[in-house]
Amino acid sequence: MIEVSNLTIRKWIDFLFQIVGLLILFLALVTLLSLILDLSTKGLHRIDWAFMTHFPSRFPERAGILSAWVGSLLVILLTSFFVIPLGIAAGIYLEEYAPKNFFSTFIELNIVNLAGIPSITFGLMALGFFVYTLNFGQSILTAGLTLSLLVLPIIIVTTREAIRTIPQTIREAAFGLGASRWQVIQHHVLPYSSGGILTGVIIALSRAIGETAPLITIGALTFIAFLPPNPLGTDQNFYDWIFSPFTVLPIQMFNWVSRPQSEFHVNAAATGLILLLLTLVLNAVAIFIRFRFRRRIKW
Amino acid sequence: MVEILKKEILRSDVRNLSFSYGDKKVLKNINLPIADNKVTALIGPSGCGKTTLLRCFNRMHDLYKSTHYEGEIILFPEGINIISAKLDPIEVRMKIGMVFQKPNPFPKSIFENVSYGLKVRGIRKSSFIKDKSEKALKQAGLWEEVKDRLHQPATSLSGGQQQRLCIARALATDPEILLLDEPTSALDPISTAHIEKLIVDLKSTVTIVIVTHNLHQAARVSDSTAFMYLGEMVEFGTTNQIFTNPQQKRTENYITGRFG
Ligand SMILES: Nc1ncnc2c1ncn2[C@@H]1O[C@H](COP(=O)(O)OP(=O)(O)OP(=O)(O)O)[C@@H](O)[C@H]1O
Ligand SMILES: [Mg+2]
């Protein structure tokens, strides 16, 4: 047998690494918890029915976040509408159809780069292109499109990663039975990767829901005392709401934080809690979906 | 020679087939007749191109870029050239079924697995699908074991059962030729015996080309045998003749275990 002298050292390194890992995890958890605690002590008592159903106001005790949460919801709705099909389709195309050549490598590289661009840059681009060139105005439509571009790379990348986990032997089995490329995608690739894809979608949407900078850049209002037109109302078109001005939760929060009166800071904390809750709910859904799908599929 | 002449009804004929992965020529001028409703075994040392040749028959190589065929594989009685670029590989794969070395059931139910080929062909009639699936599972000798659990996941079956499911899946579409790539290499002796019996039973209805490393298996199940070496077809003959009276020194060395 070979004489081993480094076993104690190796064990020590293992131990050390565990300790460091635990410490870091602890640090992260404490930060999150103290944040939630801080927001709760300041803002929890402020959250009630009136707070959710009132428009913002000059008087902090009368102000509410109706226009903000409706705005957030509508913007996310539009973002989902654009980005989910686009991102998944692009991911499928790049994985299953695109030939591996200079052009596709170039596109792939740029998608990865796109994910690293500061969000305010997307805001500036959107201001120039969507607001002024296409004349979409400072609207929910512009916001949805801007956020779509911002989170598109996330969905593309996670879709591709989910698709890549499918063994090639499964594809060959399907092709071998005479399936067309689309049948392979429809019957196998999409169902087997849907857990991963949906997780990516939700990560992307929870990123979008918290974005502030690009929306301020395109000119989202900070004080809105009306709701977008009701699509089911009689005196307007079904899609009028997408051209309506809007505000969203993080902007409302930002606006209140920057006021001098401390009562508004309470409102801001309460808004922050609601936003946090929304994000946590989205993440919980993501975890649930991943769990459901992972359990069902075994290779 | 007399025996070879007796089975002149051909299901397929490989003529001067060469194949390359990129610049690497892996099959060199292969000629091989495939007799109708018989079992043809491909033997040869590892890396000689058996799998590559088998995958030419159902155009599997078309899924990957920079693969290149030359020559012809004629499919009878249609008389079409399988590897013609003008022929859609999907049409080829609808006629020629394949079972892979490693069992590869879809992560779906047993029933969805057997019936997948029918679904792909747009067949909706559920009574027809049921009958076909049952018949295929019976042919593959799996029916008794799975008839009460058709809607359970195929991945819950044992390795041997999974491989028989893959055979049933290929049979359900009535292929003209069934390609088997070392179908028993991952299986225990009992499952192997099961599948060998199945191959012999299937012979009356379907033409089979089987790749195997197990020479005893080739001797047991096949009617004719082709010995390949370094991408070339060294010798082809009836299984009896190849194993008892090989004409080539290299064939003799291989089957007597002196190399390979
Ligand atoms: N995708 C590929 N790209 C390049 N070369 C390949 C590829 N697949 C196989 N080859 C090469 O082609 C030759 C034949 O391979 P093949 O898999 O057909 O051999 P085989 O006879 O089936 O071997 P085994 O008995 O080990 O399965 C080998 O030299 C192999 O390295
Ligand atoms: Mg092989």
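Use the structure listed above.
### Considering the overall build of chain A
Looking only at helices and strands, one finds 11 helices and 0 strands in chain A. For chain A, the succession of helices and strands along the chain, N to C, is α-α-α-α-α-α-α-α-α-α-α. In terms of overall dimensions, chain A has a C-alpha envelope of 80 × 55 × 35 Å along the principal axes. Counting only residues that meet the buried cut, chain A has 42% of its 299 residues in that class. Across chain A, every contact between residues at least 6 apart in sequence was considered, and the portion connecting residues at least 24 apart equals 75%. In the form shown here, chain A has an accessible surface area of approximately 16600 Å², with 72% of it arising from carbon and sulfur atoms.

### A short note on the interface of chain B and chain A
Each partner contributes residues to the interface: chain B has 24 residues there, and chain A has 21 residues. Contact between chain B and chain A buries roughly 2000 Å² in total, counting both sides, with carbon and sulfur atoms accounting for 60%. At the junction of chain B and chain A, the tally comes to 1 salt bridge. The shortest N-O distance in the salt bridge between Glu172 of chain A and Arg55 of chain B comes to 2.8 Å. Between the two partners, chain B and chain A, sit 10 residue pairs in polar contact (both at pLDDT 80 or more). Elements that contribute at least two residues to the side of chain B that touches chain A include exactly α3 (89-95), α5 (116-120) and α8 (159-171) of chain B. Element by element, the count of residues in the side of chain B that touches chain A is highest for α5 of chain B, at 4 residues. Split by residue class, the side of chain B that touches chain A holds 13 nonpolar, 4 polar and 7 charged.

### Some details on the pairing of strand β7 (residues 177-181) of chain B
Residues and elements named next belong to chain B. Extensive coverage of β7 is indicated by the burial of 5 of its 5 residues. Residues of β7 alternate between two faces, with Ile177, Leu179 and Asp181 on one and Leu178 and Leu180 on the opposite face, all of them buried. Bridge analysis of strand β6 (residues 96-99) against β7 gives 4 bridges, and the strand direction is parallel. Directly across from Met98, in β7, lies its bridge partner Leu179. With 5 bridges connecting them, β7 and strand β8 (residues 207-211) associate as parallel partners. In the sheet register, Leu179 faces β8, and the bridge partner there is Val209. For the crossover that starts at β7, traverses helix α9 (residues 189-202) and ends in the parallel β8, the hand is right-handed.

### Quick word on the packing of aromatic side chains
The geometry of an aromatic ring pair comes down to the distance between the two centres and the angle between the two planes. Taken as a whole and assessed by the stated rule, the structure comprises 12 aromatic pairs over all chains. Centre to centre, the rings of Phe130 of chain A and Phe136 of chain A are 6.4 Å apart; their planes meet at 10°, and the pair counts as stacked. Looking at Phe136 of chain A, the relative accessible area reads 23%, which means it is partly exposed. The interplanar angle of 65° and the centroid separation of 5.3 Å between the aromatic rings of Phe19 of chain B and Tyr69 of chain B together place this pair among those described as edge-to-face. Of the two residues, Phe19 of chain B sits in strand β1 (residues 10-21) while Tyr69 of chain B sits in strand β4 (residues 67-75), which places them 50 residues apart along the sequence. Given the relative accessible area of 0%, Phe19 of chain B is considered buried. Linked through ring pairs, Phe51, Trp256 and Phe264 of chain A together constitute an aromatic cluster.

### Looking at unusual backbone geometry
Excluding glycine, residues mostly carry a negative phi; peptide bonds, for their part, are mostly trans. Residues and elements named next belong to chain B. Each neighbour pair has its own omega, and for Phe76 with Pro77 the value is 0°, a cis peptide bond. Along the polypeptide, Pro77 turns up in the loop between β4 and β5 (80-81). Of note, Asn16 is a non-glycine position whose phi angle comes to about 45°, a positive value. By the secondary structure assignment, Asn16 is in strand β1.

### Digging into the environment of Leu273 of chain A
Here Leu273 of chain A shows up in helix α11 (residues 262-296). In this structure the C-alpha to C-alpha distance between Leu273 of chain A and Gly43 of chain A, which are 230 residues apart in sequence, comes to 7.4 Å.

### A look at the environment of Thr133 of chain A
Relative to the assigned elements, Thr133 of chain A resides in helix α5 (residues 119-133). On the basis of relative accessibility, which here comes to 54%, the residue Thr133 of chain A falls in the exposed class.

### Here's the deal with the nonpolar core
Counting 89 residues, the largest nonpolar core has Leu215 and Phe246 of chain A together with Leu17, Ile30, Leu32 and Leu53 of chain B as the members making the most contacts within it. Those residues in contact with Ile30 of chain B that sit more than four places away from it in its chain are Val14, Arg15, Asn16, Leu17, Leu53, Met228, Gly231, Glu232 and Met233 of chain B. Core analysis: the next-biggest nonpolar cluster, separate from the first, contains 42 residues, Leu178, Ile195, Ile208 and Phe227 of chain B among them.

### Looking at the sheet that holds β7 of chain B
Residues and elements named next belong to chain B. Taken in spatial order, the 6 strands of this open sheet run β6-β7-β8-β3-β9-β10, and their pairing is mixed. The sheet terminates laterally at β6 and β10 (232-238), the two strands that pair on one side only. Strand after strand, the sheet turns through a mean of 15° between neighbouring axes, direction not considered. Helix-sheet contacts for α8 involve β6 and β7, and the interaxial angle to β6 is about 175°.

### Considering the site of ligand 1
Residue and element names in this part refer to chain B. Looking at ligand 1, the residues that line it are Tyr21, Lys24, Val26, Ser46, Gly47, Cys48, Gly49, Lys50, Thr51, Thr52, Glu182 and His213. Separating an oxygen atom of ligand 1 from a backbone N or O atom of Gly49 is a distance of 2.9 Å. Glu182 has a polar side-chain atom sitting 3.4 Å from an oxygen atom of ligand 1. Coverage of ligand 1 by the protein amounts to 62% of the 630 Å² it exposes when considered alone. Among the secondary structure elements, those contributing two or more residues to the shell around ligand 1 are β2 (24-35) and α2 (50-57). At 3 residues, α2 tops the list of elements feeding residues into the shell around ligand 1. For the shell around ligand 1, the class distribution of residues is 3 nonpolar, 6 polar and 3 charged.

### Considering helix α8 (residues 181-210) of chain A
Helix length check: α8 of chain A, at 30 residues, gives a terminal C-alpha distance of 38 Å against a target of 44 Å (1.5 Å per residue), a shortfall beyond 12%. At Ser194 of chain A, α8 of chain A shows its maximal kink, close to 60°.

### Some points on the sheet that holds β5 of chain B
Residue and element names in this part refer to chain B. Strand order in the open sheet formed by 4 strands is β2-β1-β4-β5, and the pairing between neighbours is antiparallel. Sheet topology places β2 and β5 at the edges, where each strand pairs with a single neighbour. In this structure, β1 lies alongside β4, joined through 8 bridges in antiparallel fashion. Following the sheet pairing, Ser20 is matched in β4 by His68.

Parameters and conventions
Residues numbered from 1 in each chain as written. Chains lettered and ligands numbered in written order. Predicted model: local features only at pLDDT ≥ 70, side-chain atom pairs only at ≥ 80, totals over all residues. Heavy atoms only, no water. Helix = DSSP H or I, 4+ residues; strand = E, 2+ residues; numbered from the N terminus. Buried < 20%, exposed > 50% of the residue type's maximum accessible area, 1.4 Å probe, protein only. Contact = heavy atoms within 4.5 Å. Areas by Shrake-Rupley, 256 points an atom, 1.4 Å probe, with all protein chains shown as cover. Buried area = accessible area lost by both parts, 1.4 Å probe. Salt bridge = Lys/Arg side-chain N within 4 Å of Asp/Glu carboxyl O. Polar contact = N/O pair within 3.5 Å; in protein donor to acceptor, adjacent residues only side chain to side chain. Nonpolar A, V, L, I, M, F, W, Y, C, P; charged D, E, K, R; others polar. Pairing = 2+ DSSP bridges. Right-handed = clockwise from strand over helix to strand, strands pointing away. Phe/Tyr/Trp six-rings, centres within 6.5 Å; stacked < 30°, edge-to-face > 60°. Core = buried A, V, L, I, M, F, W, Y, C linked by side-chain atoms within 4.5 Å. Axes fitted to C-alpha atoms, helices over the stretch in contact; angles between N-to-C directions. Near = heavy atom within 4 Å. Expected span 1.5 Å × (residues − 1). Bend = angle between axes of the 7 residues up to and from the residue.

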